[in-house]
Amino acid sequence: MCGIFGCITMNGNASPIIHASLKRLEYRGYDSVGIATINNGEVAIKKDQGKIDEVHELINLDDMQGNVGIGHTRWATHGAPLKENAHPHVDCTGQIVVVHNGIIENYTELKTELENQNHKFVSKTDTEVIPHLIEETLKKNPTSNVTEAVVETIKRLSGSYALAVISSKEPNKIICARSESPLVIGIGEDATYCASDLTAFLPMTNKAVMINDGELVTLTPNNVEIRRIQDGAEVTRAPTTISWTPEMAVKQGYPHFMIKEIHEQPGILRNTLRAQEHYLDLLSTFLDRATEVFFVACGTSYHACLAASYMFSKLAFLPTYPVYASEFVEQHGKSVNIDSTILAVSQSGETADTLGAVTCSQQRAATILGLTNTVGSTLTRVSRVYIGQQSGPEIGVAATKTFTSQLSVLAQLALKLSTKRGKVSQDEMDYLADRLEALPETVQEIILKQEENVKKLAHKYKDAKIFFFLGRGINTATAYEGRLKLMEIAYVPAIAFPAGESKHGPISLIEPGFPVVFICPRDGQTHKTLVGNIQEMKARGASIISIIEEGDEEIKSMSDDYIEVPKGIPEVLSPIPFVIPLQLLAYYMAVEKGLNPDTPRNLAKSVTVK
Ligand code: M6R
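Residues numbered from 1 in each chain as written. Predicted model: local features only at pLDDT ≥ 70, side-chain atom pairs only at ≥ 80, totals over all residues. Heavy atoms only, no water.

Q: Give a detailed account of the site of the ligand, specifying residues and quantitative values.
A: Taken together, 14 residues lie around the ligand, and Ser301, Ser346, Ser348, Thr351 and Glu488 are the ones closest in. With respect to the ligand, the side chain of Thr351 contributes an N or O atom lying 2.5 Å from an oxygen atom. Contact distances for the ligand include 2.8 Å between an oxygen atom and a backbone N or O atom of Ala399. Bound to the protein, the ligand loses 91% of the 410 Å² it would expose on its own. Secondary structure elements with two or more residues in the shell around the ligand: helix H10 (299-316) and helix H16 (475-490). Ranked by the residues each element gives to the shell around the ligand, the list is headed by H10, at three residues. Partitioned by chemical class, the residues of the shell around the ligand number five nonpolar, seven polar and two charged. (Near = heavy atom within 4 Å. Polar contact = N/O pair within 3.5 Å; in protein donor to acceptor, adjacent residues only side chain to side chain. Areas by Shrake-Rupley, 256 points an atom, 1.4 Å probe, with all protein chains shown as cover. Helix = DSSP H or I, 4+ residues; strand = E, 2+ residues; numbered from the N terminus. Nonpolar A, V, L, I, M, F, W, Y, C, P; charged D, E, K, R; others polar.)

Q: Could you give an account of the sheet that holds strand S21 (residues 467-471), with specific residues and numbers?
A: Sheet architecture is open: five strands sit in the order S22-S21-S23-S24-S25, paired in parallel fashion. Both outer strands of the open sheet, strand S22 (494-498) and strand S25 (561-565), are each paired with one neighbouring strand and no more. Sheet twist, expressed as the mean angle between neighbouring strand axes with direction ignored, is 15°. In the sheet, strand S23 (residues 515-520) pairs with strand S24 (residues 543-549) via six bridges, with the strands oriented parallel. Bridge pairing in S24 links Ile519 to Ile547. Lying on the sheet, helix H15 (residues 426-460) is in contact with S24 and S25; it crosses S25 at an angle near 165°. Together, S21, S22 and S23 form the strand contacts of H16, whose direction differs from that of S22 by roughly 175°. (Pairing = 2+ DSSP bridges. Axes fitted to C-alpha atoms, helices over the stretch in contact; angles between N-to-C directions. Contact = heavy atoms within 4.5 Å.)

Q: Quick one: what's the story with the domain arrangement of the protein chain, residue by residue and with numbers?
A: The assigned domain composition of the protein chain is domain 1 (3-250) and domain 2 (266-592). With centres defined by C-alpha atoms, the gap from domain 1 to domain 2 works out at 37 Å. Considering only the side of domain 1, the residues that lose the most area to domain 2 are Trp75, Thr77 and Ile103, jointly responsible for 43% of the buried surface there. Here domain 1 is connected to domain 2 by two salt bridges. Put simply, Arg274 and Glu180 hold a salt bridge, and the shortest N to O gap is 2.7 Å. For the side of domain 1 that touches domain 2, the per-class residue count stands at seven nonpolar, six polar and three charged. (Domains from an automatic or database assignment. Buried area = accessible area lost by both parts, 1.4 Å probe. Salt bridge = Lys/Arg side-chain N within 4 Å of Asp/Glu carboxyl O.)

Q: Before we move on, can you summarise helix H11 (residues 325-332) with the specific residues and values?
A: For H11, the complete set of buried residues consists of Ala325, Phe328 and His332. Here the buried residues of H11 occupy an arc of 40° about the axis, which is enough to place them on one side. Those residues of H11 hidden inside the fold are in contact with strand S16 (292-297), strand S17 (320-324), strand S18 (340-346) and helix H12 (352-363). (Buried < 20%, exposed > 50% of the residue type's maximum accessible area, 1.4 Å probe, protein only. Arc of directions from axis to C-beta.)

Q: Before we move on, can you summarise unusual backbone geometry with the specific residues and values?
A: The omega torsion of the bond from His87 to Pro88 falls at 0°, within 30 degrees of zero and hence cis. Its location among the elements puts Pro88 in the loop between strand S4 (68-74) and strand S5 (89-90). A positive phi angle, close to 45°, is found at Asn60, a residue other than glycine. Here Asn60 is to be found in the loop between helix H2 (52-59) and S4. Since its relative accessible area comes to 30%, Asn60 is described here as partly exposed. Not every positive phi belongs to a glycine, and Gln390 is a case in point at roughly 60°.

Set out below in structure tokens:
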């Protein structure tokens, strides 16, 4: 989730405008930054790794000449956060310059093809194939203009992109295009802009044109032309006048980052489904060979690990041990050895407890694998192999989109290992792969249909002094996560157990009106026993709140309140959709109590002390 920006002015230099606008986009990514301008028919580029202010201090991003330019602030997905991977990227001649947000899925094939045509690559990014493809297209069709070459290039890309292109061959325009990644155009008095979101240009203009998937835009200082990529047809779209304040704009109109990030999940899951095949393959090979596998993490990442242990057991017949990182050294520090494999999961990649467990394991010659949202973090540096979860920066302290994307990568990994080991029938694999692909839509539907219902639920239970969360099997992890969200954001004490454990003690807490949330997927073996657990609670006067599949009349009839998710979710993937109502519940409970869910007391986004 990077930020792109482009600007073409009638008078004056573009670079200070681009620099200031990238600062406003910095929340989208901040591991490296770069700007390109065209002046007197020459391309100039400044870029480096580091935060925008650090890079500016070193190389002054404001003194570049030229009225046309593009810029980028990066959140690394392909390639570490190094200068050579920072955008903009150029073709072999240095005349075609591109910034990109998104993921080009077929970049390895394209790169090989281009390398065979003698194109030289300097970065590890997927983006770099774009300027080379444009160059190659122009080489093959010398009568084409840059716009036509961009169109032909785009037709060869699969994946997601918002991109902006400038070229010294045609210096008075910016060409940009969108597929799945956001792109918006700003129309000022004496300039036009393109950006990942309108926060970037809001101080200059409040006239914006939203660009749809499959559209290509050509900007000149006083004109914006939109065309459909497929057939070249011109699109007429009047600008919208934006009334957001800059603060509202950063949150895209949402009152808090947490709810914005909950809403981002369908898009993020789509990104995550593009998890790099190559890394899935490598990681699954290590897991396949391992004698013992520990999943090590804290907080929400630990819950992802707990769910993953069920996935690996059910799909790949691989036993794994999820361990709280803060306990790892005490519990396994002496026994971990050269035959142990540690998969450390950490959104930030900087959590001290997780890194502590990794260091201890490394000293004992164990193999370290990593799953993180932060390429370039300590975890990526100490891992033998790591995979990025592609969630983009998460600003709310509560992990939401990063949890579902971790689960998505772990499910893909379990499926990959399962294929390798030939443990599950092809039909079942195809079915699961299909359902996994459908999850972004499923999650979208839950948010659309259930947000209002969850809001009402939060209002009804806003004064509850305590909550119970119960699930069975893989949804024990979902129950734990629902509890953690409610506690950390809404400060409601909550208890979570595997539902079968409640009668071994916790049920004694139940008295009339005690809210108990049950997570009830329909698929799998747990449904029948859950019905029994609900009855036990109901008999003692608990208020039953169930998360059920549409049409689950049996549990619906036993529930005081219920939230429905779409039918047909395989149990092994169910934590992803079933956690959404619980995230919303925590959020709206906090709002009901007048709390700011983005900044819960006593917590930090990244816990770098033990
Ligand atoms: O960055 P990490 O995934 O390593 O962070 C782990 C926990 O600190 C984190 O999940 C924490 O529990 C969040 N507050 C959960 O919302």
